[in-house]
Amino acid sequence: MTTPIELGLDTFGDIPRDDDGRLVSDAEAIRVTVEEAKIADATGVDVFTVGEHHRPDFAISSPETVLAGIATVTERIRLGSGVTVLSSDDPVRVFERFSTVDALSKGRAEVILGRGSFTESFPLFGFDLQDYEVLFEEKLELFHQLLDEKPVSWEGTTRPPLRNADVYPKTESGRLTTWVGVGGSPQSVIRTAKYGFGLMLAVIGGSPERFAPYVDLYHRATEQLGTTPGPIGIHSPGFVADTDEEAREIAYGPFKENRDQIGAERGWPPMRRAEFDQEIAHGSLYIGSPETVARKMVRTIRALGVGRFALKYSGGPVPVSARLRAVELFGTKVAPLVREMLAEDEG
């Protein structure tokens, strides 16, 4: 590795269970997320990102609002969305909200833009799924212009035109750090390269190595398009406990519950334990003790040559106490082990 690796934690605000096995309220789930971010900040994690969803199993529908709360109780950790569904939002408002988070956090804000793996936000905010592609393309182009923090004139088909419009607040650095979340579309990789945004690969199943061609495509595309490449990162699900056995036993039930709920909506068969174990052994589930998770993360980082790894540290209704412990273990044990192993490569 030629640059220091960034190690992050990611959450969708999954609704956890309390010590009595009851699902907590949406409000409590959001407060738990803030506590987890405080632990991550205190234990040396580099980045904390929260996703946007509009469904009953996830509590966070407004990432920037949660990040604003986190900004006031943390000191050093970078704060981002994972992702902000730009297609069903307004680029001007997205910029204004995240530049506000950037002010509250003293320059620690990031935004990861995406089309989202769920589509609930489209009918919720009055958008037509038939416009799925054009909504993202036009709004991404506008957002790219807004990042210059100068008056913008823009015209498209998805919102009223802008005429020499200026947007506030400005960031102190002059530019908001921006990524695009990509799930496996070559066209999305090329689009990201076109604007020189950071590339965040959502690797949520199968062998991580199969995404190596997308990393290569991003580098080739930025070179051919004459843009400056941004950083490349990976987002994958996982869970950390003190032992491999404990991690698997805590994570399996909630993970299956969440996966089967989504699967029922999409026509997938129920997940079997063998699939779960296979994904841990050879796929993109990073579940186990700190050493097990760290070693697997390092293999992926080496294989793809990425500069950031963000672990979605719980899936489904994992108990609150187990989630807090997972965050603590990631910061105090997994992250140092990953850095140590990568430093050995440099040596």
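One can find the structure itself at the top, above this paragraph.
So, here's what we can say about the structure. (Residues numbered from 1 in each chain as written. Predicted model: local features only at pLDDT ≥ 70, side-chain atom pairs only at ≥ 80, totals over all residues. Heavy atoms only, no water.)

**Structural notes on the environment of R299**
Line of reasoning, step 1. Its location among the elements puts R299 in helix α10 (residues 290-304).
Line of reasoning, step 2. Separated by 43 residues in sequence, R299 and L342 place their C-alpha atoms 9.7 Å apart. (Helix = DSSP H or I, 4+ residues; strand = E, 2+ residues; numbered from the N terminus.)

**Points about the packing of aromatic side chains**
Line of reasoning, step 1. Following the criterion strictly, the structure yields ten aromatic pairs and no others.
Line of reasoning, step 2. Measuring from ring centre to ring centre gives 6.2 Å for F48 and Y313, while their planes differ by 40 degrees; the resulting arrangement is tilted. Residue F48 is found in strand β2 (residues 47-50), and its partner Y313 is found in the loop between β12 (308-312) and α11 (320-346); the two are separated by 265 residues along the sequence. One exposure class covers both F48 and Y313, and it is buried.
Line of reasoning, step 3. Aromatic pair F58 and F118: ring centres 6.3 Å apart, planes at 70 degrees, arrangement edge-to-face. One end of the pair, F58, is in the loop between β2 and α2 (63-71); the other, F118, is in the loop between β5 (109-114) and α4 (121-124), with 60 residues separating them in the sequence.
Line of reasoning, step 4. Judged by relative accessible area, F118 falls into the buried class, the value being 11%. (Phe/Tyr/Trp six-rings, centres within 6.5 Å; stacked < 30°, edge-to-face > 60°. Buried < 20%, exposed > 50% of the residue type's maximum accessible area, 1.4 Å probe, protein only.)

**Considerations on the packing of helix α8 (residues 244-266) against helix α9 (residues 273-282)**
Line of reasoning, step 1. As a packed pair, α8 and α9 sit with axes 11 Å apart at the nearest point and diverge in direction by 115 degrees. The interaxial crossing formed by α8 with α9 has right-handed handedness. The residues of α9 that touch α8, namely those facing R248, E249, A251, Y252, F255 and R259, are R273, E275, F276, D277 and I280.
Line of reasoning, step 2. Looking at the contact of α8 with α9 residue by residue, the classes come out as five nonpolar, no polar and six charged. (Axes fitted to C-alpha atoms, helices over the stretch in contact; angles between N-to-C directions. Left-handed = near helix turned anticlockwise from the far one by under 90°. Contact = heavy atoms within 4.5 Å. Nonpolar A, V, L, I, M, F, W, Y, C, P; charged D, E, K, R; others polar.)

**Focus: the environment of E340**
Line of reasoning, step 1. When you line up the elements, E340 lands in helix α11.
Line of reasoning, step 2. The spacing of E340 and A294 is 46 residues in sequence and 9.9 Å in space, taken between C-alpha atoms.

**Things to note about the environment of Y252**
Line of reasoning, step 1. Along the chain, the position of Y252 falls in helix α8.
Line of reasoning, step 2. We classify Y252 as buried; its relative accessible area is 17%.
Line of reasoning, step 3. The sequence separation of Y252 and L147 amounts to 105 residues, and the corresponding C-alpha distance is 42 Å.
Line of reasoning, step 4. Among residues more than four places away in sequence, those in contact with Y252 are M271, R272, R273 and F276.

**Structural notes on the nonpolar core**
Line of reasoning, step 1. Ranked by internal contacts, the top residues of the largest apolar core, which has 74 residues, are L9, F48, F143, M297 and V338.
Line of reasoning, step 2. Counting residues in hydrophobic clusters, the runner-up holds 13 residues, among them F239, I287, V318 and A326. (Core = buried A, V, L, I, M, F, W, Y, C linked by side-chain atoms within 4.5 Å.)

**So, the pattern of salt bridges**
Line of reasoning, step 1. Taken as a whole and assessed by the stated rule, the structure comprises 37 salt bridges.
Line of reasoning, step 2. Where R308 meets E6, a salt bridge forms, and the shortest distance between an N and an O atom there is 2.9 Å. Here R308 is found in strand β12, whereas its partner E6 is found in strand β1 (residues 6-11), with 302 residues between them in sequence.
Line of reasoning, step 3. For R308, a relative accessible area of 1% gives the class buried.
Line of reasoning, step 4. A network of salt bridges, in which partner residues are shared, links R115, E133, E137, R191 and K194. (Salt bridge = Lys/Arg side-chain N within 4 Å of Asp/Glu carboxyl O.)

Function-wise, these values are silent; they only describe arrangement.
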